[in-house]
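Examination of the molecular architecture
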Amino acid sequence: MLRVIITVVAFAALVAFSAVLAELTLTPSPASAEIAGSNLQPGRSLRQYAEDYTFLAACKQVGGNLLMGVPFGLILPVLVPRRARMVRVVALTAVVMVLVELAQGSIVEGRAFDVDDVIMNTSGALIGYLLLGRRIGRRFHALAEPPVRKDAPARSKPARSKPVMTKPATTKRKPADKKPADKKPADKKPTAKKPAVKKQTAKSGAAKSGAAKKPSLRKSGSAGGPSWTERLARRR
């Protein structure tokens, strides 16, 4: 209900401002019929205000054109949609002021089309929007949103379920009996054979010592007597 009331009030204010704007801009001015001339070059009128007008007269012309566009920046934020609100406000103000200037140059006596007036009126609407109109538009559109209860738990966004990747069922195969691999003998390096050392046993030692003790049979007798062969021959 509050939004409807605010919308109606804003629309009524826009209509009232349009009537005032028409009174200020579409009123004939026969005194300036010889002076008035159309201006299609941006900045030309501003240079004329600075060179030919006094400081107070120049401020009156520039300030009046800026203030004429401020109401658009305060009222239109309530009536236009929320998306791209600033662009819509500036565009609508420019379109309205171009139509007003065209009416001045074609219908109204003593007035002419001036592109500098359109630029200053649009700039005034932008200034009004940035100073106050943006806040008014935000609060108005916030009324359409449902109030959030403090006691109510915050709604959590449902978690997106990730797709589960299922592996295809595979039959397990029994490992085949592996035969032990024949181990290859490691290549041995040929080693030089050491000469076998013959161990002298105790028996061999004793045999050698016994052989040394046996008397040797001498064929010849001793120097002192006959030999044993001679003695044997005598006995026979």
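Going by the structure above, here's the rest.
Position numbers for residues count from 1 along each chain, tracking the sequence in the order it is written. With pLDDT at 70 or above as the cut-off, local features in this predicted model cover only qualifying residues; side-chain atom pairs require 80 or more to be listed or tallied, and sums for whole chains, interfaces and linings still use all residues. Side-chain metrics in this entry use all non-hydrogen atoms of the structure; hydrogen atoms and water are not considered.

A word on helix 1 (residues 2–25)
Counted at 1.5 Å a residue, the expected span for helix 1 with its 24 residues is 34 Å, and the 34 Å between its end C-alpha atoms agrees. In this scheme, a residue with accessible area under 20% of its type's maximum is buried, one over 50% is exposed, and one in between is partly exposed, where area comes from a 1.4 Å probe on protein chains only. Numbered from the N terminus, helices here are DSSP runs of H or I no shorter than four residues, and strands are runs of E no shorter than two. The set of residues buried in helix 1 consists of Ala10, Leu14, Phe17, Leu21 and Thr25. We call two residues contacting when some pair of their heavy atoms lies within 4.5 Å. Close packing links the buried residues of helix 1 with helix 3 (55–79) and helix 4 (85–106). Expected span of a helix: the number of residues minus one, times 1.5 Å.

Concerning the packing of helix 3 against helix 5 (residues 115–142)
Comment: axis = line fitted to C-alpha atoms, over the contacting stretch for helices; angle = value between 0 and 180 degrees taken between N-to-C directions. Between helix 3 and helix 5, the shortest axis-to-axis distance is 5 Å and the interhelical angle comes to 30°. Between helix 3 and helix 5, the angle falls in the class roughly parallel. The two elements helix 3 and helix 5 cross, and the hand of that crossing is right-handed. Working rule for angles: under 35 degrees goes down as roughly parallel, over 145 as roughly antiparallel, 65 to 115 as roughly perpendicular, anything else as oblique. In this scheme the handedness of a crossing depends on how the near helix is turned from the far one: anticlockwise by less than a right angle means left-handed, clockwise means right-handed.

Considerations on the side chain of asparagine 39
Examined against the element boundaries, asparagine 39 turns out to sit in the loop between helix 1 and helix 2 (44–52). By relative accessible area, asparagine 39 is classed as buried at 4%. Here a polar contact is recorded for every N or O atom pair within 3.5 Å, except that within protein the pair must consist of a potential hydrogen donor and a potential acceptor, and residues adjacent in sequence are included only if both atoms are side-chain atoms. Engagement of the side chain of asparagine 39 in a polar contact is seen with the backbone nitrogen of glutamine 41, the distance being 3.0 Å. Of the polar contacts made by the side chain of asparagine 39, one reaches the side chain of aspartate 116; its length is 3.3 Å. In this structure, asparagine 39 is in contact with Arg44, Ser45, Phe113, Asp114, Val115 and Asp116, ignoring residues within four places of it in sequence.

A few points about the packing of aromatic side chains
Paired rings are identified among Phe, Tyr and Trp, the last through its six-membered ring, by centres lying within 6.5 Å, and are further divided according to the angle between planes into stacked (under 30 degrees), edge-to-face (over 60) and tilted (the rest). Going through the model one piece at a time under the given rule, you end up with 2 aromatic pairs. When the ring of phenylalanine 17 is compared with that of phenylalanine 72, the centres are 5.0 Å apart and the planes differ by 85°; the resulting orientation is edge-to-face. You can see phenylalanine 17 sitting in helix 1 and its partner phenylalanine 72 sitting in helix 3, a full 55 residues away along the chain. Here the two residues phenylalanine 17 and phenylalanine 72 agree in accessibility, since each one is buried. Note on tyrosine 49 and tyrosine 53: the rings are 5.2 Å apart at their centroids and 75° apart in plane angle, and the pair reads as edge-to-face. The rule is short: NZ of Lys or CZ of Arg within 6 Å of the ring centre and within 35 degrees of the ring normal puts a charge over the ring. One Lys or Arg, arginine 3, reaches over the ring of phenylalanine 140 and ends 4.6 Å from the middle of that ring.

Some details on the packing of helix 2 against helix 5
The interhelical angle for the contact between helix 2 and helix 5, taken along N-to-C directions, is 90°, at an axis separation of 7 Å. The orientation of helix 2 with respect to helix 5, classified from their angle, is roughly perpendicular. Here Arg44, Ser45, Leu46 and Tyr49 of helix 2 come into contact with helix 5, specifically with Asp116, Asp117 and Met120. Asp, Glu, Lys and Arg are counted as charged, while Ala, Val, Leu, Ile, Met, Phe, Trp, Tyr, Cys and Pro are counted as nonpolar; the rest, among them Gly, fall into the polar class. Residues belonging to the contact of helix 2 with helix 5 are distributed by class as follows: 3 nonpolar, 1 polar and 3 charged.

Here we look at unusual backbone geometry
The backbone phi angle of alanine 84 is positive, close to 55°, even though this residue is not glycine. Secondary-structure assignment places alanine 84 in the loop between helix 3 and helix 4.

Section: a nonpolar patch on the surface
Two distance rules govern patches: like charges are joined within 9 Å, and nonpolar side chains (Val, Leu, Ile, Met, Phe, Trp, Tyr) within 5 Å, applied only to residues with over 30% relative accessible area and no salt bridge. Per-residue and other accessible areas follow the Shrake-Rupley method at a 1.4 Å probe size, with only the shown protein chains counted as cover for residues. In what follows, salt bridge is the name for a side-chain nitrogen of Lys or Arg lying within 4 Å of a carboxyl oxygen of Asp or Glu. Nonpolar side chains collect at one region of the surface, where Val95, Val98, Leu99 and Leu102 lie side by side and expose about 340 Å² of accessible area between them. Here leucine 102 shows up in helix 4.

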